[in-house]
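If you want the building blocks of each chain, they are given just below.
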Amino acid sequence: MEKPKEKPPKKPFGEGPEFPKALEEIQKFRTKYATNEAVPDSDIPIEFDLSDVMGFDFTGKVRDQSSCGSCYTMGFIQTLESRLKMLTGKDPGALSPQHIMQCNYLTEGCTGGWAIFDGYLAENGGVVSEECAPYLGVTRGHSCSEFSGCPSVASVNKSYAIHDATENQIKKEILRNGMLVTDWYMPPYTKTYKSGIFSKAGDDDLMNLMSANLIPNHASVIMGWGQEDISAKKYWIVRNSFGQEFGINGNIHIEMGEFMVSGYVAGFEPVLTGKQ
């Protein structure tokens, strides 16, 4: 198992003479190609990481859902924050998952839901800042009206899902449009992950026997991909919502083709609506 490559500290987002070049780099696929399908396979890099584009981090902060089953909304919010950075070159700040969970009657708050439904809410009602609507880790005992005074700072023009996407379809989507939410099967031993490529353990006989009946049970975001130098194993860089201490600074490297990561992904077209 190879150790994660050490990277230098991130540069302040939006600052310095190198940032315009980094923004041009992150936007080049969207600028050059009108559709994902138009991107040649040969243009796809072997490695890509939204958190390190010429030293600049085009993702938001690492989230911690705590004991609340809010992974789907954490994924939705993280996707919006990252895509807004990528589209505008501006940092929208931390957006509020609490407001979305509390106000969305299409989902079940801390007992689960689907990120695509959060997108539908944001298309009609907008997204507010976390400063105005802090994350509580609970929804019971609270109401949407508590955030009626919070102004919208972003919204969504379009929400969409991609089913059974190929490896290159996901890569092209991320290169042109940004981070994606994935609904994947997270085995019970996931929280023990520290580093390396996360793949089926040799003694996963029960999982292999149940593979025909497995369904997604967790949502995270895909923020890039890579390949080990020695083994040549390919993996997705997935950001979880278990806090900074989980895995590799909050991320997990999942072997491509495993755990249903590419079975269902969701994307969103966000727009800034408030003062930044």
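Everything that follows concerns the structure shown earlier in this document.
**Student:** Is there a simple way to explain the environment of Thr 111 in this structure?
**Tutor:** Note that Thr 111 resides in the loop between α3 (97-103) and α4 (115-125). Of the residues examined, Thr 111 reaches a relative accessible area of 68% and is grouped as exposed. For the pair Thr 111 and Ser 70, spaced 41 residues apart in sequence, the C-alpha separation works out to 7.3 Å.

**Student:** Quick question: what am I supposed to make of the pattern of salt bridges here?
**Tutor:** Counted by the stated rule, this structure contains 9 salt bridges. The partner of Arg 63 in a salt bridge is Glu 81, with the nearest N and O atoms 2.6 Å apart. Here Arg 63, found in the loop between β1 (48-49) and α2 (71-88), pairs with Glu 81, found in helix α2; they are 18 residues apart in sequence, far enough to count as distant. On the basis of relative accessibility, which here comes to 2%, the residue Glu 81 falls in the buried class. Between Arg 63 and Glu 130 there is a salt bridge whose closest N-O contact spans 2.8 Å. Taken together, the residues Arg 63 in the loop between β1 and α2 and Glu 130 in the loop between β2 (127-128) and β3 (152-163) connect sequence positions 67 residues apart.

Reading the values: the criteria
Residues numbered from 1 in each chain as written. Predicted model: local features only at pLDDT ≥ 70, side-chain atom pairs only at ≥ 80, totals over all residues. Heavy atoms only, no water. Helix = DSSP H or I, 4+ residues; strand = E, 2+ residues; numbered from the N terminus. Buried < 20%, exposed > 50% of the residue type's maximum accessible area, 1.4 Å probe, protein only. Salt bridge = Lys/Arg side-chain N within 4 Å of Asp/Glu carboxyl O.

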